[in-house]
Amino acid sequence: EIITSDWSSDVCSSDLYLLTDGDVVNSWPVALGKNAGQKQKSGDMKTPDGSFPIDEVFDASYWTHDFGDGKGEIEGAYGPYFISLDTSRLSGGAWDGIGIHGTHDPASIGTRASEGCIRMHNEDLLALKKYIGVGMQVTIEE
(Lines give C-alpha, C1' and ligand atoms only; values in the text may rest on other atoms or scores of the structure.)
Protein backbone atom coordinates (compact mmCIF):
# COMPACT_ATOMS: atom_id res chain seq x y z
CA GLU A 1 0.00 0.00 0.00
CA ILE A 2 1.13 3.53 -0.74
CA ILE A 3 -0.09 6.56 1.19
CA THR A 4 0.65 10.21 0.46
CA SER A 5 -0.07 12.82 3.09
CA ASP A 6 0.12 16.61 3.15
CA TRP A 7 0.88 17.78 6.67
CA SER A 8 0.92 21.53 5.98
CA SER A 9 -1.32 23.41 3.58
CA ASP A 10 1.07 26.38 3.47
CA VAL A 11 4.32 24.73 2.46
CA CYS A 12 3.16 21.33 1.20
CA SER A 13 5.47 19.26 3.32
CA SER A 14 4.21 16.10 1.66
CA ASP A 15 5.56 12.59 1.74
CA LEU A 16 4.76 9.32 0.06
CA TYR A 17 4.81 6.34 2.42
CA LEU A 18 5.27 2.73 1.35
CA LEU A 19 3.54 0.37 3.78
CA THR A 20 3.71 -3.38 4.22
CA ASP A 21 1.13 -4.88 6.59
CA GLY A 22 0.45 -1.40 7.94
CA ASP A 23 4.09 -0.65 8.75
CA VAL A 24 6.02 2.14 7.01
CA VAL A 25 8.98 0.57 5.17
CA ASN A 26 10.09 3.69 3.30
CA SER A 27 9.08 7.28 2.61
CA TRP A 28 9.99 9.93 0.07
CA PRO A 29 9.20 13.64 -0.35
CA VAL A 30 6.74 14.51 -3.13
CA ALA A 31 5.06 17.45 -4.85
CA LEU A 32 1.27 17.61 -5.12
CA GLY A 33 -1.18 19.65 -7.20
CA LYS A 34 -0.77 23.44 -7.30
CA ASN A 35 -4.18 23.90 -5.67
CA ALA A 36 -5.35 22.34 -2.40
CA GLY A 37 -8.71 20.58 -2.04
CA GLN A 38 -10.55 17.69 -3.65
CA LYS A 39 -10.19 17.31 -7.41
CA GLN A 40 -13.45 18.18 -9.17
CA LYS A 41 -12.56 18.48 -12.84
CA SER A 42 -9.78 18.20 -15.37
CA GLY A 43 -7.46 21.19 -15.26
CA ASP A 44 -8.22 22.29 -11.67
CA MET A 45 -4.61 21.52 -10.61
CA LYS A 46 -5.80 19.49 -7.58
CA THR A 47 -4.59 16.10 -6.38
CA PRO A 48 -7.58 13.87 -5.61
CA ASP A 49 -8.12 12.47 -2.11
CA GLY A 50 -9.15 8.83 -1.94
CA SER A 51 -7.97 5.30 -2.47
CA PHE A 52 -7.13 4.27 -6.01
CA PRO A 53 -5.69 1.09 -7.54
CA ILE A 54 -2.68 1.24 -9.82
CA ASP A 55 -3.99 0.31 -13.26
CA GLU A 56 -0.89 0.66 -15.46
CA VAL A 57 2.82 1.44 -15.28
CA PHE A 58 4.23 3.23 -18.32
CA ASP A 59 7.77 3.87 -19.53
CA ALA A 60 7.58 7.68 -19.57
CA SER A 61 11.26 8.31 -20.29
CA TYR A 62 10.47 9.62 -23.77
CA TRP A 63 7.31 11.58 -22.85
CA THR A 64 7.22 15.36 -23.19
CA HIS A 65 4.84 17.94 -21.72
CA ASP A 66 4.08 21.61 -22.26
CA PHE A 67 3.37 23.21 -18.89
CA GLY A 68 2.00 26.37 -20.50
CA ASP A 69 4.83 28.49 -19.06
CA GLY A 70 6.24 29.60 -22.40
CA LYS A 71 9.07 27.05 -22.35
CA GLY A 72 7.34 24.69 -24.79
CA GLU A 73 7.59 20.91 -24.76
CA ILE A 74 9.84 19.67 -21.94
CA GLU A 75 11.67 16.39 -22.42
CA GLY A 76 11.79 14.13 -19.37
CA ALA A 77 8.87 15.99 -17.77
CA TYR A 78 7.55 12.77 -16.20
CA GLY A 79 10.86 11.12 -15.35
CA PRO A 80 11.42 7.43 -16.09
CA TYR A 81 7.94 6.08 -15.25
CA PHE A 82 4.28 7.05 -14.94
CA ILE A 83 2.33 4.96 -12.43
CA SER A 84 -1.28 5.42 -13.51
CA LEU A 85 -4.05 5.44 -10.91
CA ASP A 86 -7.63 4.36 -11.70
CA THR A 87 -9.63 7.35 -10.45
CA SER A 88 -12.85 6.46 -12.30
CA ARG A 89 -14.79 5.62 -9.12
CA LEU A 90 -14.26 9.16 -7.82
CA SER A 91 -14.37 11.03 -11.13
CA GLY A 92 -17.22 9.16 -12.77
CA GLY A 93 -15.16 9.44 -15.96
CA ALA A 94 -15.13 13.26 -15.83
CA TRP A 95 -11.32 13.32 -15.51
CA ASP A 96 -8.39 10.94 -15.45
CA GLY A 97 -4.66 10.94 -16.05
CA ILE A 98 -3.63 11.12 -12.38
CA GLY A 99 -0.56 9.20 -11.37
CA ILE A 100 2.79 9.07 -9.63
CA HIS A 101 5.76 10.07 -11.76
CA GLY A 102 9.23 11.57 -11.78
CA THR A 103 10.16 15.09 -12.79
CA HIS A 104 12.47 17.23 -14.88
CA ASP A 105 12.38 19.81 -12.05
CA PRO A 106 13.78 18.37 -8.80
CA ALA A 107 13.40 21.75 -7.06
CA SER A 108 9.60 21.34 -7.30
CA ILE A 109 9.59 18.42 -4.85
CA GLY A 110 8.19 19.55 -1.49
CA THR A 111 6.01 22.22 -3.10
CA ARG A 112 2.59 22.50 -4.69
CA ALA A 113 3.72 22.37 -8.30
CA SER A 114 1.95 19.64 -10.28
CA GLU A 115 -1.19 19.67 -12.39
CA GLY A 116 -2.67 17.12 -9.97
CA CYS A 117 -0.24 14.21 -10.07
CA ILE A 118 2.17 13.11 -7.37
CA ARG A 119 5.72 14.05 -8.39
CA MET A 120 8.83 12.37 -7.02
CA HIS A 121 12.58 12.68 -7.50
CA ASN A 122 13.48 10.31 -10.35
CA GLU A 123 15.79 8.19 -8.17
CA ASP A 124 13.02 7.86 -5.54
CA LEU A 125 10.56 6.79 -8.23
CA LEU A 126 12.99 4.09 -9.36
CA ALA A 127 13.23 2.85 -5.76
CA LEU A 128 9.42 2.84 -5.39
CA LYS A 129 8.88 1.02 -8.69
CA LYS A 130 10.59 -2.09 -7.29
CA TYR A 131 7.70 -2.49 -4.82
CA ILE A 132 4.60 -1.64 -6.84
CA GLY A 133 2.33 -3.55 -9.17
CA VAL A 134 -0.98 -3.28 -10.97
CA GLY A 135 -3.84 -3.55 -8.47
CA MET A 136 -1.88 -2.14 -5.53
CA GLN A 137 -3.86 0.48 -3.60
CA VAL A 138 -2.67 4.08 -3.36
CA THR A 139 -4.31 6.25 -0.69
CA ILE A 140 -4.05 10.02 -1.01
CA GLU A 141 -4.88 12.09 2.07
CA GLU A 142 -4.68 15.84 2.61
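Visitor: How should I be thinking about the overall build of the protein chain in this particular structure?
Guide: A tally of regular secondary structure across the protein chain gives two helices and eleven strands. Along its sequence from the N terminus, the protein chain presents helices and strands in the succession β-β-β-β-β-β-β-α-β-β-β-α-β. What you see for the protein chain is a C-alpha radius of gyration of 14 Å, in line with the 14 Å of a compact globule of 142 residues. For the protein chain, the residues scored as buried account for 43% of the 142 residues in total. In the protein chain, once contacts between residues fewer than 6 apart in sequence are set aside, the share between residues at least 24 apart is 57%. When the 10 positive and 23 negative side-chain charges of the protein chain are each reduced to one mean point, those points stand 4 Å apart.

Visitor: What is the right way to look at the packing of aromatic side chains in this model?
Guide: Note on aromatic pairs: each is described by the distance of the centres and the angle between the planes. The full count for this structure, using the stated rule, is four aromatic pairs. Here Phe-58 and Trp-63 contribute two aromatic rings whose centre-to-centre distance is 5.7 Å and whose plane-to-plane angle is 45°, an arrangement assigned as tilted. Each ring, one from Trp-63 and one from Phe-82, has its centre 5.5 Å from the other, and the planes form 40°; the classification is tilted. Residue Trp-63 is found in the loop between strand S4 (50–59) and strand S5 (64–66), and its partner Phe-82 is found in strand S7 (residues 81–85); the two are separated by 19 residues along the sequence. Judged by its relative accessible area of 22%, Trp-63 falls in the partly exposed class.

What counts and what doesn't
- Residue numbers run consecutively from 1 along every chain, following the written order of its sequence.
- Local features in this predicted model are restricted to residues of pLDDT 70 or higher, and side-chain atom pairs are both shown and tallied only at a pLDDT of 80 or more, whereas totals for entire chains, interfaces and linings draw on every residue.
- Only hydrogens and water are removed before side-chain values are computed, so all heavy atoms of the structure are retained for them.
- What counts as a helix is a DSSP run of H or I of at least four residues, what counts as a strand is a run of E of at least two, and both are numbered from the N terminus.
- For this measure, only C-alpha atoms enter the radius of gyration; the expected value for a globule follows 2.2 Å times N^0.38, where N is the number of residues.
- Exposure classes here rest on a 1.4 Å probe applied to the protein chains alone. A residue is buried below 20% of its type maximum, exposed above 50%, and partly exposed in between.
- Only heavy atoms matter for contacts: two residues are in contact if any of them lie within 4.5 Å across the pair.
- As used throughout, the charge tally considers Lys and Arg to be positive and Asp and Glu to be negative, leaving His and the chain termini uncounted.
- Every charge is mapped to an atom, namely NZ of Lys, CZ of Arg, CG of Asp or CD of Glu.
- Ring geometry is summarised as follows: Phe, Tyr and Trp rings, the Trp one being its six-membered ring, pair when their centres sit within 6.5 Å, and such pairs are stacked at plane angles under 30 degrees, edge-to-face over 60 and tilted between the two.

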